[in-house]
Structures are given as structure tokens and as C-alpha cells.
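# Descriptive analysis of the structure
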Amino acid sequence: MQLLFGFDVGDTERIKVTFQFTMPNSSGENNPGETAPSVIDTVEAACIESAVNLVNTFVSKEVNLSHCKIVVFSEEMAKQGISKEIYSLMNKVEVRPDTNIIISTSTAEEYITSVKPSLENLVAKFYEILPRSSEYTGYTSDIHLIDFFNKLESMSEEPIAILR
Amino acid sequence: MADKKIGNFEAIALILTVIVNHVVLNLPKNIIASSSSSSIINVLFISIIAVLIGYFVCKLLERFPKLDILDIANFLGGKWLKILTGILFLGYFLFTVSVVLRSFSEGLKIIFFPRSPVAAIMILFLITIIITNKIGFQAIVRSNLFMMPIFIFTILFIFFANVGNFTVQRMLPLLGNGAFTTFFSGLSNLFAFGGFAYLYFLPPYLKDDKGLKKITFASIIISGICLLFSVATLLFLSPNSVITEEVFPLYLASRNIEFGRFFQRLDAVFLLIWIISLTAYLSISFSFATRVFQKLLNFEYTKWYTALFCLFIFGFALIPKNMYELIFVENVIYQYVVLILIFGISLALLVFANIKYNLLEKKKGAVSIDKASI
């Protein structure tokens, strides 16, 4: 199950895409105190489609983006412009419009590897609950892909994302 | 014929299938593409025009109780005009079934079955059509009546569940690309009311002969409401550039619905309901096609050639080579076919038949037209 996308500026290609997957059957029920393991893979490609195809060549299961909770962009990438990636994500039927958008002050890869939920065993649940903290705190916001895209297309609004 | 009679509610549901299914496919998208922010005003405008046309059609059909458009064509121009009208309507029903079948199957393929051939999905629908038509017209119409409230509920539900995501300012400027585009060239959006085609064939099937007016107005008003809600949903939800690019825009709207963490991804339920709705629509259109064919050739039974018709539809539906060609057929050709045949040729036929009736009435004093005389 794919949980998270991370986008950085590539070294050899245009973008560096980091994928985070949960291990199948990693419900965390066997050892309640342990955090369920996840797998992180990074590839460089010209676009999202190429990156997904590349990952599909060495991952035993087909990558499915239906359960993708969060898309992370590095600040450097965001400064260069992320409209191409946003359009690609919007055009993919698998990606949900309520996927959250995060801009990371570090690289997206660093952000993903450093996420260690302390009060949650399941990473998937952590990613789902994380943006909802905007319901009880004013320090963050719950920004969905569809909101970001609508504002990107709008003549009167600027898109905003969660800064981490 | 007695066993094929249908009630008023069944008839209303039958006409509504057209709008419901086209709303799910590309109808609101086309209206938004042509009228932009004035789409809501345009829908209100074309709905009023459709009510007026409906009133006009009812008045014209009053002289010919229990007769469908083929009988009226026979009265006006004899056997050859009946055959010509029959061929046009037969072509229309088969064309509609083929295009809608292909379009919906392509959408399903993109969403759920990216590796399955589109022909396999179409075959499943065609098998269903053959089975429903073997069961009979009554069964199709009653099932459709049973499911219609659910079909309409999905459209209204998507609107109300998305209210929180709406940007109502998207309906500004009110006249969109201008008054000319909204009210004059926007008239072409009348093709949304393609359900009129069934209206011309309904009189012989109605239990209540005087119910045609009620059926016409009820179906047009409910169709208008469905169209209004679906157009409003898409217009308020996303920018026009997004709506006009989507395969099933209403599906896109349904994906935004969530109630807390527990009720998410309701779109699969909507798609299941729309598949049932599409099956009902295809079965009804197919049933009318076989009935027109039967009437043209005076066949006693329809059941034996339904499979042949399905093969024809299957072949015709596979003609568009890609989505671009399919969208062109669906958006442009279908639009002109409806406008020319349903609102042009058929209305002209009814007007001339009424003129002939009046002339004969003046000549002979009184004319009694019934099936036997025709």
C-alpha cells in the first residue's frame, strides 16, 4: 500500500521521487508497542509516470496510488514550480482529491525518512490524522490536493500548502 | 398491446433515464464548456424553452390519441414517409445506445479496469441488454421506475454533500461569455432534453390517454432540476478547465465527498448505481429500437433479432478509434442528431400532420382517425 509521495529536485533527472509503502500485513497488532515497518524507495525520473514505472520494475507488487495520503514537495522544488506535478496528480484517477500537500523545509526524502510517529503504531493512520490537527490547533492547515489545484487555476487566489 | 401498457409514473421515469445517464456522462461538462459561468442561467433558459416545446408537442399530439410518430407519419405522407421516419428513429436509437455504451465503458476502463479491453466491458452490458429485452418491456420499465428515485438521489446527494467545497463566485459573471452565447448559441444545449424522442412513441403504451401532458411536464421539470443541480455542482466545485478535461465529471465531484474519517470513498457506490442506471437506459433505448424495426417490417416477434441488433451496436460502438473521436461523436454529432431529428424533423412532421388534419376536417366535416383507418 503506497502512503506517501515525496518530490525533490533530481541530481541526474528532473525530479527525484521518494515512495513510502507499508509492509503488507503490518497491522502492528502482534507487537502493540512496535511501530509497523514501512519501505522507502527513491528513484529519479523525468515525470511522475516514469517514476512509478521505474518503481514497478523492481517492486514485486504493482504500485497503486489509491491509498496515497500525503504528497511532500521540498522547498527547493516548490520554489522552482510544482504545477506540472500537480496537474499530473490531478489527472491520475488513482490519486484522491483529498490527498494532503506538504512543503518540507528539508528535502522530501529526509522528511519521509525522519517521520517516526511516537503516539501511533500505524504510519498510515498517522498520516491521516496529522493534517486534521488543524481542527484543534491554529499552527497548521488541512490543505487538500483539490484545494491546491483549484487555487492554482484561480485568477483571484494563490495556492497554499502545509509547511513542515 | 394491453400487457405492454405503462402508467404515468413509469412513463416519467422512462423519459428521465435519458437525462440521468447523460448527466452522469458528459452533459453538464458540455454545457459548462459552451456557457462557462452562465451555465446555470442557460440551464434555466433551456428548461423553460423545453417546457414550451413540450406544451406545443402535447397540443400537436392531442389530435392523434394513441398514435406514435410513425402512425402520424403514415397519416401525413403514407407508407414511404413512415418508413423514412422509422429508419431515422431506428438509426437514432441505435446510434445513442452505441455511443453511450462505448463512452461509459471507456470511463469504467479508465477508472476501474485499466488493463481490460473495452470490448469485454461492452459485451457484459450487451448481454444484460439481451436478457432484459427477452424478459420484456414491462419488466424494464418497472425496474427503471423502481431505481429512478435512487438515480436522482445520487445527483442531489452529490450536490448537497459537496456544498462545503463550493466556490459560489464561480457563477460570476452571470452572463458568462455574453448574452448571445447564453441565450442564442446556448439554445443548442436543448439537446439535453433528448428524452423527447421517447415522448413521440409513448401514446400507444399509455394506460391513461390523457396523461401525456402530465408526463411531459413532470419529466421536463424533473430533468431540468437534475441538470441544474449537476451543472451547479460542477461549476461551483472546480475550474472550467478541469471540468472540461474529465472523463466523468460527476464522478470527480463524488470523489470529494467524505463525512469525517469513517465515510470516505463513496464514489464506488455511486458508480455501481450509475451502472444499473445505464443498463436501464440502454435496455429502454434498445427496446424502442426493436419496436420501431418491428413496426416498420410488421414482424410479429422482436425477440429473435435482438442478438443481431446487439452485434450491430457492438460493431458500431467500436468504430471511434480513440477517446478523441468518441468525444467528438458524443459531443458534436449526438448534439446535432438530437436537435435536427427530435426538435426539427419530428416537430415539423407533427405540425404538417395537424395542418393536413385541419384541411381534411374542413373538407369532410369531421375526420375520425384511428389505427384501423391508417
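Description of the structure in this document. (Residues numbered from 1 in each chain as written. Chains lettered and ligands numbered in written order. Predicted model: local features only at pLDDT ≥ 70, side-chain atom pairs only at ≥ 80, totals over all residues.)

Along its length, chain B carries 14 helices and zero strands. Expected size for 374 residues packed as a compact globule is a radius of gyration near 21 Å; at 21 Å, chain B falls within 12% of this value. With respect to the principal axes defined by its C-alpha atoms, chain B has extents near 70 × 45 × 35 Å. A burial count over chain B gives 46% of its 374 residues as buried. Long-range contacts, defined as pairs at least 24 residues apart, comprise 84% of the intrachain contacts of chain B with a sequence gap of at least 6. (Helix = DSSP H or I, 4+ residues; strand = E, 2+ residues; numbered from the N terminus. Rg over C-alpha atoms; globule rule 2.2 N^0.38 Å. Buried ≥ 20, exposed ≤ 12 C-beta atoms within 10 Å, placed from the backbone. Contact = placed C-beta atoms within 7 Å.)

Regarding its fold elements, chain A presents six helices and six strands. Counting from the amino terminus, helix and strand elements in chain A follow one another as β-β-β-α-β-α-α-β-α-α-α-β. For chain A, whose C-alpha radius of gyration is 16 Å, the value lies close to the compact-globule estimate of 15 Å for 164 residues. Burial status across chain A gives 36% buried among its 164 residues. Contacts spanning at least 24 positions in sequence make up 69% of the contacts within chain A whose residues lie at least 6 apart.

Judged by nonpolar contacts, the single largest core of 108 residues is most densely connected at Val23(B), Val97(B), Leu101(B), Val231(B), Leu282(B) and Ala289(B). When sequence neighbours within four positions are dropped, the list of residues in contact with Val23(B) reads Pro28(B), Ile155(B), Cys226(B), Leu227(B), Ser230(B) and Leu250(B). Ranked by size, the runner-up nonpolar core spans 37 residues in total, among them Val52(A), Met90(A), Ile102(A) and Phe148(A). (Core = buried A, V, L, I, M, F, W, Y, C linked by C-beta atoms within 7 Å.)

Of the residues lining the interface, ten residues belong to chain B; the matching set on chain A comes to nine residues. Per-class residue counts for the side of chain B that touches chain A are four nonpolar, three polar and three charged. (Nonpolar A, V, L, I, M, F, W, Y, C, P; charged D, E, K, R; others polar.)

Quick look at the packing of helix H6 (residues 137-161) of chain B against helix H12 (residues 267-297) of chain B now. Two packed helices can be described by the angle between their axes and the distance between those axes. Residue and element names in this part refer to chain B. Where H6 contacts H12, the axes come no closer than 9 Å and their chain directions differ by 145°. The interaxial crossing formed by H6 with H12 has left-handed handedness. From H6, Phe-137, Ile-140, Ser-143, Asn-144, Met-147, Ile-150, Phe-151 and Thr-154 reach across to H12, where they touch Phe-270, Ile-273, Ile-276, Ser-277, Ala-280, Ser-283, Ile-284 and Ser-287. Class assignment of the residues belonging to the contact of H6 with H12 gives a composition of ten nonpolar, six polar and no charged. (Axes fitted to C-alpha atoms, helices over the stretch in contact; angles between N-to-C directions. Left-handed = near helix turned anticlockwise from the far one by under 90°.)

With that settled, consider the environment of Ser36(B). All names here are of chain B. Within the element layout of this structure, Ser-36 appears in the loop between helix H2 (27-35) and helix H3 (39-62). Here Ser-36 falls in the buried class, since 21 other C-beta atoms lie within 10 Å of it. Other than its neighbours up to four places away in sequence, Ser-36 contacts Gly-176, Asn-177 and Asn-240.

Attention now moves to helix H4 (residues 69-111) of chain B. Counted at 1.5 Å a residue, the expected span for H4(B) with its 43 residues is 63 Å, but the 40 Å between its end C-alpha atoms falls short. In H4(B), a bend of some 140° at Gly77(B) exceeds every other bend along the element. (Expected span 1.5 Å × (residues − 1). Bend = angle between axes of the 7 residues up to and from the residue.)

So, on to the pairing of strand E4 (residues 70-74) of chain A. Residue and element names in this part refer to chain A. For E4, the tally of buried residues reaches five of five residues, placing the bulk of the element in the interior. Burial along E4 is two-sided: Ile-70, Val-72 and Ser-74 facing one way and Val-71 and Phe-73 facing the other are all buried. By the bridge criterion, five bridges tie E4 to strand E5 (residues 100-104) in an arrangement that is parallel. Paired with Val-71 across the two strands is Ile-101, which belongs to E5. (Pairing = 2+ DSSP bridges.)

Another point: the packing of H4(B) against H12(B). Residue and element names in this part refer to chain B. It is at 9 Å that the axes of H4 and H12 come closest, and there the two elements cross at 150°. The angle between H4 and H12 falls in the class roughly antiparallel. Taken as a pair, H4 and H12 cross one another with a handedness that is left-handed. Here Leu-70, Ile-83, Gly-86, Phe-89, Leu-90, Phe-93, Leu-94, Thr-96, Val-97, Val-100, Leu-101 and Phe-104 of H4 come into contact with H12, specifically with Leu-278, Tyr-281, Leu-282, Ser-285, Phe-286, Phe-288, Ala-289, Val-292, Phe-293, Lys-295 and Leu-296. Class assignment of the residues belonging to the contact of H4 with H12 gives a composition of 19 nonpolar, three polar and one charged. (Parallel < 35°, antiparallel > 145°, perpendicular 65-115°, else oblique.)

Residues and elements named next belong to chain B. The linkage connecting Leu-172 with the following residue, Pro-173, adopts the cis geometry, with an omega of -5°. If you trace the backbone, Pro-173 turns up in the loop between H6 and helix H7 (179-184). With phi around 55°, Ser-36 is a residue other than glycine that occupies positive phi space. Phi angles above zero are rare outside glycine, and Lys-66 is one such case at about 65°. On the secondary structure map, Lys-66 appears in the loop between H3 and H4.

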